[in-house]
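Residues per chain, in single letters:
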Amino acid sequence: MLSHGGRSKSDFAAYVSKQALADSSPYALEDGSKIAVVGGGPTGSFFSIFALKLAKMIDKELNITIYDPKNFSKDGPAGCNKCAGIISELLVQTLAVEGINLPDSVVWKGINSYQLHTTKGSVSIATPSFENTIAAVYRGGGPKGIIGEHKESFDDFLLGQAVKEGAAHISVKIEGIEYKNGKPVLFSQGGEIEQADLVVGAVGVNSAKTGIFPDMGFGYEEPRTVKAAIAELSFDEEIITEHFGNSVHLFLLPIKSLKFAAMIPKETYVTLCILGHDLNANSVKDFLDYPVVREVLPKSLSYKFRCRCLPKMNVKAPKIPYADRVVMCGDAGSTRLFKDGLGAAYIMGKAAANTAVLHGVSKQDFQEHYYPVYKNIIVDNQFGSYLYFLADLYKNYGLLTRWMLQIVQEEQSDPEDPKRLSSVLWNMFTGNERFKNIFATAVSLPMRFDLWKAFAKTLVRRR
Amino acid sequence: MKEGELGRLYSHGEIIFKEGEKGDVMYVIQSGKVKISKNSSSGDITMVTLQRGDIFGEMALFDKLPRSASAVAEGDTRILSIDKKKLFSTIWKDPTVVLKVIETMSSTIRRLSKDFAELKKKKQNMLCGTMDLEETCSFILEEARENIVAAENGSIMLLENGQDRLHIKAAFGEQAQEKLKLAVGEGVAGDVVGTGKAELVNEVLTDSRYKIGSLEIGSLMCVPFKYQGKCFGVLNLSSRRGNRFTLDNLKLLNSFSRYAAIALKNVLCMSDLKHATEEVLKHASILDVY
Ligand SMILES: Cc1cc2nc3c(=O)[nH]c(=O)nc-3n(C[C@H](O)[C@H](O)[C@H](O)COP(=O)(O)OP(=O)(O)OC[C@H]3O[C@@H](n4cnc5c(N)ncnc54)[C@H](O)[C@@H]3O)c2cc1C
């Protein structure tokens, strides 16, 4: 991994001696080292898959155990890690390059476009490559009461991949972790389970608060969260094909408490996911009664509610995500704001795995090699906050909404057009691009003078 | 296969990319099979058939050269394309992303070096297992003398590659003139190779075309070797006596020469192939280090 190009001999010598030091450090993982992964959601599985793959490449044998009491093949909320189930184009492709090909049994629908619905009309944005590049999945066995077992859950599939790589999965909830002689010891209700060389905290934000990681006393606090709302609607398959096609339907509506909502078709179901602030049990009904939504989903279409939940979403990452022999990843650490949490789970799970296997498991190792990636997401989210602020303006003020729609319509009807606004919106909601890059494109968009005026007026009025 | 699954559908025989095209996309097979083939002078050669999970077109990511082979769907196939630019920004952040791609490339190199080793072995077998040109000519002459008509002298003369001179490749009898060379149209043999017609000359000395050499001959038969209507050599049988051969002898010898021509042409092609293989192996010997 070392490039000699342009480096002096002494640089190289320093690197070699540092590496030698790292290998002999008490915090380096050795053959037979034990890793306890708490949480078998995507983050825990990604960590395990990549740590084991990498260790094999450098002839190291690690013992990884994943602890998670959930059965991901069970229907309804009990078996589910509750999300909209969109695997971004970038994640689908990156996983394929990594050799993790999402099988047809996991993909409920391949998505090739987004339909954007606003009070001023609707517009369709297609994938740049015109193929089904986004996967719609379920995180558990499917909506409550689903009959038959023809599909596999995404989390089950990933956990299976981790087990295939050599990880063990134990169906147990971890109730406490304590340091003993400098190494963490895990406890379940039944008592002590094991002492590990490394504990990976991949517990997400949606399990009943046990405070196991904050209680370890290294300064970790659970992430700040907001509540989101998810509902599963079931339809006849023809209705889904005709009304939803292979598109995610995205709603940008002038409702203050609502950031955006999406409807994702999955065979005979549609997952409705609403993101915003102060959402509650009535949010789904209020949303479905909104006139724009009624146009997409006319009263004549009959459907049934199968499942509902109000899962939490990480909106602010904890400051201290690691200590000696402990690292917090995925939703329990830093994740991307309001989108592509699974992409972040992949990035963070892998960054932790690379650090542990190639460098070591000390606080210093995580500080040097894991934290830069962690921090990157936090910094990027700041650009994200600003972009969501802009999106709020565009959805809440009719003139801006109309302008946005008009531009996108023009871009989509002209094959030669570089489609800059379309790509801003596409990347914004699909997780294809970092917020920072979307921001750069967004601010370089040419704007008409009358729009500048409207934009300025809107800002003044908000004041 | 449903429309709703990941990737793009290709039907049987549909071309995913063509050899020589510019490419900046890599592919991963979601389902079905893809045939990777290369164009050669003797038609398309299938290099490998890939299946679900396999990566192809990955070379385009790392060099700017055109596609080195074509990819065609075998049956209904679903394929996910991966854009070079996007992948590179991922590689920039985490180089281990391409470990699997490197693994694929490394196994391709292994497969190729195995194929080359086999090719090399085949070449050696070819060298040891088949006769060379001179041997075949002697064998044909021997056959003619023993089974067609007894003669005191005989020779096979062939036009050398790209030249219009006949060279003796094999001969028997008295003081066989191994070094004799005749231009097309020169002497009886030169005439026969020019006209493509078999000839029987019973009084050689009265034939104006006859070139007096050290051999003393009274009568001779000369038949052409033809392949696809083109003459590329002759078979001569001669005797010191005049009127030694009959028209029947000539007919028999002529039909014998038709089959002999095929055998000779095969040997000539084989030796061309051998040269080509040697050439390929010379260029590919670098792969032997793996
Ligand atoms: C409404 C909503 C919609 C979303 N939509 C999308 C989307 O469309 N696309 C996308 O990419 N992301 C989406 N996300 C984000 C995504 O769900 C998360 O980023 C992702 O689930 C994080 O994975 P994780 O493994 O870190 O946590 P989780 O998926 O929450 O997994 C944590 C696991 O840890 C286990 N666990 C917890 N405590 C313990 C314990 N003490 N002992 C043992 N096991 C334990 C749990 O059982 C669980 O299985 C969405 C999130 C929400 C809230």
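Conventions used here
Residues numbered from 1 in each chain as written. Chains lettered and ligands numbered in written order. Predicted model: local features only at pLDDT ≥ 70, side-chain atom pairs only at ≥ 80, totals over all residues. Heavy atoms only, no water. Helix = DSSP H or I, 4+ residues; strand = E, 2+ residues; numbered from the N terminus. Buried < 20%, exposed > 50% of the residue type's maximum accessible area, 1.4 Å probe, protein only. Contact = heavy atoms within 4.5 Å. Areas by Shrake-Rupley, 256 points an atom, 1.4 Å probe, with all protein chains shown as cover. Lys, Arg positive; Asp, Glu negative; His and termini not counted. Charge placed at Lys NZ, Arg CZ, Asp CG, Glu CD. Core = buried A, V, L, I, M, F, W, Y, C linked by side-chain atoms within 4.5 Å. Pairing = 2+ DSSP bridges. Axes fitted to C-alpha atoms, helices over the stretch in contact; angles between N-to-C directions. Near = heavy atom within 4 Å. Polar contact = N/O pair within 3.5 Å; in protein donor to acceptor, adjacent residues only side chain to side chain. Buried area = accessible area lost by both parts, 1.4 Å probe. Salt bridge = Lys/Arg side-chain N within 4 Å of Asp/Glu carboxyl O. Nonpolar A, V, L, I, M, F, W, Y, C, P; charged D, E, K, R; others polar. Patch = residues over 30% accessible without salt bridge, like charges linked within 9 Å, V, L, I, M, F, W, Y side chains within 5 Å. Left-handed = near helix turned anticlockwise from the far one by under 90°. Domains from an automatic or database assignment. 1 Å grid on protein atoms, 1.4 Å probe; cavity = no way out; pocket = protein on both sides within 12 Å on 5 of 7 lines; lining within 4 Å. Points joined across faces, edges and corners; volume = space filled by probe spheres on them.

### Observations concerning the overall build of chain B
Each helix and strand counted, chain B has six helices and twelve strands in total. Taken over the C-alpha atoms alone, chain B extends approximately 90 × 40 × 30 Å along its principal axes. Counting the 290 residues in chain B, one finds 41% classified as buried. Summarising the internal contacts of chain B: among those between residues at least 6 apart in sequence, 64% fall at separations of at least 24. Summed over all atoms, the accessible surface of chain B reaches about 16300 Å², with 54% contributed by carbon and sulfur. The centroid of the 41 positive side-chain charges in chain B is displaced by 5 Å from the centroid of its 39 negative side-chain charges.

### Details of the nonpolar core
All names here are of chain A. Ranked by internal contacts, the top residues of the largest apolar core, which has 65 residues, are Phe47 and Tyr370. With ten residues, the single largest contributor to this core is helix H8 (residues 341–358). The residues contacting Tyr370, other than those within four sequence positions of it, are Tyr322, Val327, Met328, Cys329, Met348, Ala351, Ala352, Thr355 and Asp365. Counting residues in each nonpolar core, the second largest holds 44 residues, with Ile230, Tyr394, Leu405 and Trp426 among its members.

### With respect to the sheet that holds strand E10 (residues 183–188) of chain A
Residues and elements named next belong to chain A. Read from one edge of the open sheet, three strands run E9-E10-E11, paired in antiparallel fashion. On the outer flanks of this sheet lie strand E9 (176–180) and strand E11 (191–195), each paired with one strand and no other. Pairs of neighbouring strands in the sheet enclose a mean axial angle of 35°, with direction left out of account.

### Let's talk about the site of the ligand
Residues and elements named next belong to chain A. Residues in close proximity to the ligand total 36 residues, the closest being Thr43, Asp68, Ile86, Asp331 and Leu342. Here Pro42 contributes a backbone N or O atom positioned 3.3 Å from an oxygen atom of the ligand. Take Ile174: an N or O atom from its main chain is 2.9 Å from a nitrogen atom of the ligand. Look at the ligand: alone it shows 990 Å² of surface, and the protein chains cover 95% of it.

### A closer look at the interface of chain A and chain B
Listed by partner, the interface residues are 32 residues for chain A and 31 residues for chain B. Considering only the side of chain A, the residues that lose the most area to chain B are Val97, Asn101 and Glu131 of chain A, jointly responsible for 25% of the buried surface there. One can count two salt bridges joining chain A with chain B. In this structure, Lys350 of chain A engages Asp94 of chain B in a salt bridge whose closest nitrogen and oxygen atoms are separated by 2.7 Å. Taken together, the links from chain A to chain B amount to eight residue pairs in polar contact (both at pLDDT 80 or more). Of the residues forming the side of chain A that touches chain B, the biggest block, seven residues, is contributed by helix H3 (residues 89–98) of chain A. When the residues that make up the side of chain A that touches chain B are grouped by side-chain class, the tally is 13 nonpolar, eleven polar and eight charged.

### Quick word on the pattern of salt bridges
All names here are of chain B. Applying the stated rule across the entire model yields 22 salt bridges over all chains. We note a salt bridge from Glu142 to Arg145, for which the minimum N-O separation is 3.9 Å. With Glu142 and Arg145 both in helix H4 (residues 133–148) and three residues apart, this pair spans about one turn of that helix. In this structure Glu142 comes out as partly exposed when scored by relative accessible area, which is 31%. On the basis of relative accessible area, Arg145 is assigned to the partly exposed category, the value being 30%. Each member of the salt-bridge network shares a partner with another, and the members are Asp191, Glu199, Asp207 and Arg209.

### Quick word on a nonpolar patch on the surface
Residues and elements named next belong to chain B. Nonpolar side chains collect at one region of the surface, where Tyr227, Tyr259 and Ile262 lie side by side and expose about 340 Å² of accessible area between them. When you line up the elements, Tyr259 lands in helix H6 (residues 247–284). By relative accessible area, Tyr259 is classed as exposed at 64%.

### A few points about the packing of helix H2 (residues 42–57) of chain A against H8 of chain A
Residues and elements named next belong to chain A. Contact geometry for H2 and H8: axes closest at 8 Å, N-to-C directions at 35°. For the pair H2 and H8, the sense of crossing is right-handed. Each of Pro42, Thr43, Phe46, Phe47, Phe50, Ala51, Leu54 and Ala55 in H2 lies in contact with H8, whose residues at this interface are Leu342, Ala345, Tyr346, Gly349, Lys350, Ala352, Ala353, Asn354, Val357 and Leu358. Grouping the amino acids of the contact of H2 with H8 by side-chain chemistry returns 14 nonpolar, three polar and one charged.

### Quick word on the sheet that holds strand E14 (residues 229–234) of chain A
All names here are of chain A. The strand order across the open sheet built from seven strands is E6-E5-E15-E16-E17-E14-E18, with neighbouring strands paired in mixed fashion. The sheet is open, and its two edges are formed by strand E6 (121–126) and strand E18 (304–309), each paired on a single side. Each adjacent strand pair in this sheet contributes to an overall mean axis angle of 20°, direction not counted. Here E14 runs beside strand E17 (residues 269–276); their pairing, made up of six bridges, is antiparallel. Residue pairing across strands places Ser234 opposite Tyr269, the latter belonging to E17. Lying over the sheet, helix H10 (residues 398–413) contacts strand E5 (113–118) and E6, oriented at roughly 40° with respect to E6. Contacts from helix H11 (residues 420–430) reach E5, E6, strand E15 (247–251) and strand E16 (258–266), with the element oriented near 100° to E5.

### So, the domain arrangement of chain B
Looking at the assigned domains, one finds that chain B contains domain 1 (2–95) and domain 2 (129–286). A separation of 52 Å is found between the C-alpha centroids of domain 1 of chain B and domain 2 of chain B.

### Let's talk about empty space enclosed by the protein
Residue and element names in this part refer to chain A. Enumeration according to the criterion identifies five cavities of 30 Å³ or more in this entry. Considered as a void within the structure, the largest cavity measures approximately 170 Å³ in volume. Every residue lining the largest cavity is counted, 19 residues in all, and those nearest its centre are Cys80, Tyr138, Ile230, Glu232 and Cys307. Elements supplying a minimum of two residues to the lining of the largest cavity: E14 and E18. Of the residues in the lining of the largest cavity, the class split is ten nonpolar, four polar and five charged.

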